[in-house]
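Chain residues, written in single-letter form:
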Amino acid sequence: MKKIILVIGVLALAGFTAWWLQDAPLDDAARQWLDTTPSDDNPAYAYLLGFGAPADQSPARQGQALAQRQKNHPDLPLPNSYRDLNASPLLCRNMDASCLLQQQEKRVEAEALVNRYQFLIDRYQTFLDFAYFSDNTPPRLDATFPEYSLLITASRLQSLAWALSDAPEKNIDREIQQLRHWLAQDHSLISKMIANAMLAEKLQLTALLVQQGKMPTLRLAPLTTAEKSFQAPLQKEFAMMAHFFIDEQYRDGNEAASWIEEIQFRAGLKKHISVNRMLPLYQHYAQLAEQPVDAIEADQFHPDPASMSEAIRNPIGNVLLETASPDFKQYLLRLVHLDARMALLKQLEKTEPDNPVNNPWTPGKEDTLTRRDKQLCFRHAPDHDRYNSCLPLL
């Protein structure tokens, strides 16, 4: 009898150990979300990889070569000899009245800067002319993203040129429409926020030039569903984090793990369980982005806690998920701030602060305007120092 009990105990322990060490299959939905591999090379993305090429070289040709190399070397360095340019005081990080007036007062210096880097403005305009963009950055945490900071620099150089122009209306209107077209493309999360930030700066510039009488008020339509969509950004973000587990990137730099560490990885981290648990977070915010703003503001999403099986089999993975789950809601709200700024443009010519206006933050309810700290704002909006729904006043 003791031998039978011993055999049963050994078999039970072996069965438990096998169950404990076994990973779960990857959910079908997770497989679909992981399918972010581009069907073909994207010329706009390649052009952006080569954007920082020397002035006498072709960014398109260099970008194509970099795009091919990046497939095997995702962390490859990208050309950029202009990193210090964005520190120029003539390129406004915060487009307010004081910076615009400084640009116009220092006209000779400003024109010299524009002329010197006209090739970057030309590249920027060429990039905006592409019909389709997809951020094809490989889904790895160590992958090199395009030099988006240089794209912002080129955009600010273009804004400087508009600030010096006597008739910038048609040019700025066209640029805003091109940026909105880009905003609706297949972005990563970082490129979506870059597009949002660049558009916000153009709206600030437009507001100031309207007040100077250099152009009439632009009548911009609200953001479309495609412009507000976070499906592509969150799918690409999910793929990047999922490959962290699937490709065992957590082992990078620790290939010579001790046998104890190897047992910890095998016993305490299940790749597929981790990825399956991640997916609902990304799905939720992709769907939430399509909801009205009051639903986004009220959202209090919390992922389901790990089941007992997941808690036993995947303790390390669960800890990583709990400590590395970002707050995607803040990114969705930045698009509402952008939408509100576009709505504010229509109100620049109204001088009565108590006139009822439509505010994207209060759908279905009229709001009023307030003028504070040299800014025009909606009375009811979650404004703070870094992100707000205001436009600068002269």
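Before reading on, note that the structure itself is shown above.
Bear in mind that the values here come from a model prediction, so they are computed numbers and not experimental data.

Visitor: What's the story with the state of the cysteines in this structure? I'm lost.
Guide: Here is the idea: a disulfide is a covalent bond, and it sits between the sulfur atoms of two cysteines. Applying the stated criterion across every chain yields a total of two disulfides. The disulfide partner of C92 is C99, and the S-S distance across this bridge is 1.8 Å. Here C92 and C99 share a disulfide; its torsion about the S-S bond, -95 degrees, makes the bridge left-handed. According to the relative accessible area criterion, C92 is buried, its value standing at 5%. Within the chain, bonded cysteines paired by disulfides and numbered along the sequence follow the pattern 1-2, 3-4.

Visitor: Could you clarify how one ought to interpret the sheet that holds strand β4 (residues 375-378) in this entry?
Guide: Where strands meet in a sheet, backbone hydrogen bonds hold them as pairs that are either parallel or antiparallel. Across the sheet, three strands lie side by side as β3-β4-β5; this open sheet has antiparallel pairing. Edge positions in the sheet fall to β3 (369-372) and β5 (391-392), since each has one partner strand and no second. The pairing of β4 with β5 spans two bridges and is classified as antiparallel. Each residue of the ladder has a partner; that of Q375, found in β5, is P392.

Visitor: Honestly, the packing of helix α9 (residues 169-183) against helix α10 (residues 189-211) in this entry has me stumped. Any pointers?
Guide: Each packed pair of helices is defined by two parameters, the angle between the axes and the distance between the axes. Where α9 contacts α10, the two axes come as close as 10 Å, and the packing angle between them is 160 degrees. Between α9 and α10, the angle falls in the class roughly antiparallel. α10 is crossed by α9, and the crossing has left-handed handedness. Side by side, α9 and α10 meet where I172, E175, I176, L179, R180, W182 and L183 of the first sit next to S191, K192, I194, A195, N196, M198, L199, K202, L203, L205, T206 and L209 of the second.

Calculation criteria
Residues numbered from 1 in each chain as written. Predicted model: local features only at pLDDT ≥ 70, side-chain atom pairs only at ≥ 80, totals over all residues. Heavy atoms only, no water. Disulfide = S-S within 2.5 Å. Buried < 20%, exposed > 50% of the residue type's maximum accessible area, 1.4 Å probe, protein only. Pairing = 2+ DSSP bridges. Helix = DSSP H or I, 4+ residues; strand = E, 2+ residues; numbered from the N terminus. Axes fitted to C-alpha atoms, helices over the stretch in contact; angles between N-to-C directions. Parallel < 35°, antiparallel > 145°, perpendicular 65-115°, else oblique. Left-handed = near helix turned anticlockwise from the far one by under 90°. Contact = heavy atoms within 4.5 Å.

Such coordinate-based values are descriptive only and should not be taken to indicate function.
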